[in-house]
Amino acid sequence: MPGWLEAGGWGLLAGSALLLGAAVGFFVRIPRRAIASIMAFGAGVLLSAVAFELVGEAYDQAGMSWTASGAIAGALIYTGCNVLLARRGARNRKRSGGDDRSDDGSGLALATGALLDGIPESIVIGTSLLAGGGVSVATVVAVFVSNVPEGLSSAAGLRAAGRGRAYVFTLWGGIAAISALSSIAGFTVLASAPAVLLGWITALAGGAILTMVADTMIPEAFDDAHLLIGLITVAGFLLSFALSHAG
């Protein structure tokens, strides 16, 4: 299979979580305690992926100074986007709990937020194939898990605003397709990029994801914390760690 096609397939797989979340948000109401467990597991997966896949890989490629500057840039960009999107009701786009949003603008802002998150994440999935050792499965799993709440939240809001299923699933299908194209771009456009640049981009994605985990996913998990939340978080962390070291 051509490398660019494999990259697109992995990007599409990660982006398909948006469609899965949209289906759940459109048709199902999930109990709050179940949401807390899902978010705790996802936070553990992402923390491990950032530490052992993204930041670790960035350090190997670019060294400490470029890794630090990339991670800080990612945190600043994510925070800046959150400030802008908060004005349209999408600050907590990775969170899936709470009341359904009732205005169309909030649902569209959530979709815009998913697009802003998904492009750099998908680019990193594509660039992970450039070393020739196969895709970073831990990164794909982490992105997949974190994408579900975005589709869920937006679909619930758009449904409450009166949008039909064709509109909702066309919207999220398009964003999933853009995720696939972003992975292809990461594999093709950056194929000849210097290692320092690849490392900086990887660190940027890691910084953005870590900021998102601290800003939205961990608070979501502990909004409705129960006695097993810590254990579930560790389980997600260990799963991602095992995947990153498989093979």
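These figures come from a predicted structure and were not determined experimentally.

So, how was this worked out
- Residues numbered from 1 in each chain as written.
- Predicted model: local features only at pLDDT ≥ 70, side-chain atom pairs only at ≥ 80, totals over all residues.
- Heavy atoms only, no water.
- Helix = DSSP H or I, 4+ residues; strand = E, 2+ residues; numbered from the N terminus.
- Buried < 20%, exposed > 50% of the residue type's maximum accessible area, 1.4 Å probe, protein only.
- Contact = heavy atoms within 4.5 Å.
- Areas by Shrake-Rupley, 256 points an atom, 1.4 Å probe, with all protein chains shown as cover.
- UniProt positions renumbered as here; feature names shortened; annotations may be inferred.
- Phe/Tyr/Trp six-rings, centres within 6.5 Å; stacked < 30°, edge-to-face > 60°.
- Expected span 1.5 Å × (residues − 1).
- Bend = angle between axes of the 7 residues up to and from the residue.
- Patch = residues over 30% accessible without salt bridge, like charges linked within 9 Å, V, L, I, M, F, W, Y side chains within 5 Å.
- Salt bridge = Lys/Arg side-chain N within 4 Å of Asp/Glu carboxyl O.
- Core = buried A, V, L, I, M, F, W, Y, C linked by side-chain atoms within 4.5 Å.

Chemist: Explain the overall build of the protein to me, using residue names and the numbers behind them.
Modeler: Counting secondary structure elements, the protein contains seven helices and zero strands. If you list the helices and strands of the protein from N to C, you get α-α-α-α-α-α-α. Expressed as a percentage of the 247 residues in the protein, the buried residues total 47%. Within the protein, contacts between residues separated by at least 24 positions form 85% of all contacts whose residues are at least 6 apart in sequence. Here the protein displays about 10600 Å² of accessible surface, and carbon together with sulfur accounts for 70% of that area.

Chemist: Describe the UniProt feature "transmembrane region" (unreviewed entry) in the protein, naming the residues involved and giving the relevant values.
Modeler: Here, the residues flagged by UniProt with the feature "transmembrane region" (unreviewed entry) are residues 12–28, 35–52, 64–85, 123–146, 166–190, 197–219 and 225–243. Secondary structure across residues 35–52 comprises 100% helix and 0% strand; the distance between its end C-alpha atoms is 26 Å.

Chemist: Pulling in residues and values, what's your account of the side chain of Thr 139?
Modeler: Looking at the element boundaries, Thr 139 is found in helix 4 (residues 137–160). Owing to a relative accessible area of 6%, Thr 139 belongs among the buried residues under this scheme. Apart from the residues within four sequence positions on either side, Thr 139 is in contact with Glu 53, Leu 54, Val 124 and Ile 125.

Chemist: Describe the packing of aromatic side chains, and please don't skip the residues or the numbers.
Modeler: Scanning all chains against the criterion turns up five aromatic pairs. Considering the side-chain rings of Phe 27 and Phe 169, the 6.2 Å spacing of their centres and the 15 degrees angle between planes classify their relative orientation as stacked. Taken together, the positions of Phe 27 in helix 1 (residues 3–27) and Phe 169 in helix 5 (residues 165–188) put the pair 142 residues apart, joining distant regions of the chain. Exposure remark for Phe 27: the relative accessible area of 48% places this residue in the partly exposed category. You can call Phe 169 partly exposed: its relative accessible area is 22%. Chaining the aromatic ring pairs together yields one cluster made of Phe 26, Phe 27 and Phe 169.

Chemist: With reference to specific residues and values, describe the side chain of Ser 48.
Modeler: Relative to the assigned elements, Ser 48 resides in helix 2 (residues 32–86). What makes Ser 48 buried here is its relative accessible area of 1%. Excluding its chain neighbours within four sequence positions, the residues that come into contact with Ser 48 are Glu 53, Phe 237, Ser 240 and Phe 241.

Chemist: Now, about the environment of Pro 194: what can you tell me, with residues and values included?
Modeler: Relative to the elements of secondary structure, Pro 194 occurs in the loop between helix 5 and helix 6 (195–223). On a C-alpha basis, the gap between Pro 194 and Gln 61 in space is 9.1 Å, while along the polypeptide they are 133 residues apart.

Chemist: Would you mind going over helix 1 in detail, with residue names and values included?
Modeler: Note: α-helices contain 3.6 residues per turn, so residues at a spacing of three or four share the same orientation. Helix length check: helix 1 (25 residues) gives 36 Å between terminal C-alpha atoms against 36 Å at 1.5 Å per residue, within 8%. Remark: the principal bend of helix 1, roughly 25 degrees, maps to Ala 14. Ala 7, Gly 8, Gly 11, Ala 14, Gly 15, Ala 17, Leu 18, Gly 21, Ala 22, Val 24, Gly 25 and Phe 26 are the residues of helix 1 that are buried.

Chemist: Please set out a nonpolar patch on the surface residue by residue, giving values where relevant.
Modeler: A surface patch of nonpolar side chains, amounting to about 370 Å² of accessible area, comprises Met 1, Trp 4 and Leu 5. On the secondary structure map, Leu 5 appears in helix 1. Looking at Leu 5, the relative accessible area reads 41%, which means it is partly exposed.

Chemist: Any chance you could break down the nonpolar core for me, citing the residues and the numbers?
Modeler: One finds Leu 46, Ile 209, Met 212, Val 213 and Met 217 to be the most contacted residues of the largest nonpolar core, which totals 21 residues. Taken together, the elements giving at least two residues each to this core come down to helix 2 and helix 6. If one sorts the elements of this core by residue count, helix 2 sits on top with eleven residues. With ten residues, the next largest nonpolar core counts Leu 18, Ala 155, Val 168 and Trp 172 among its residues.

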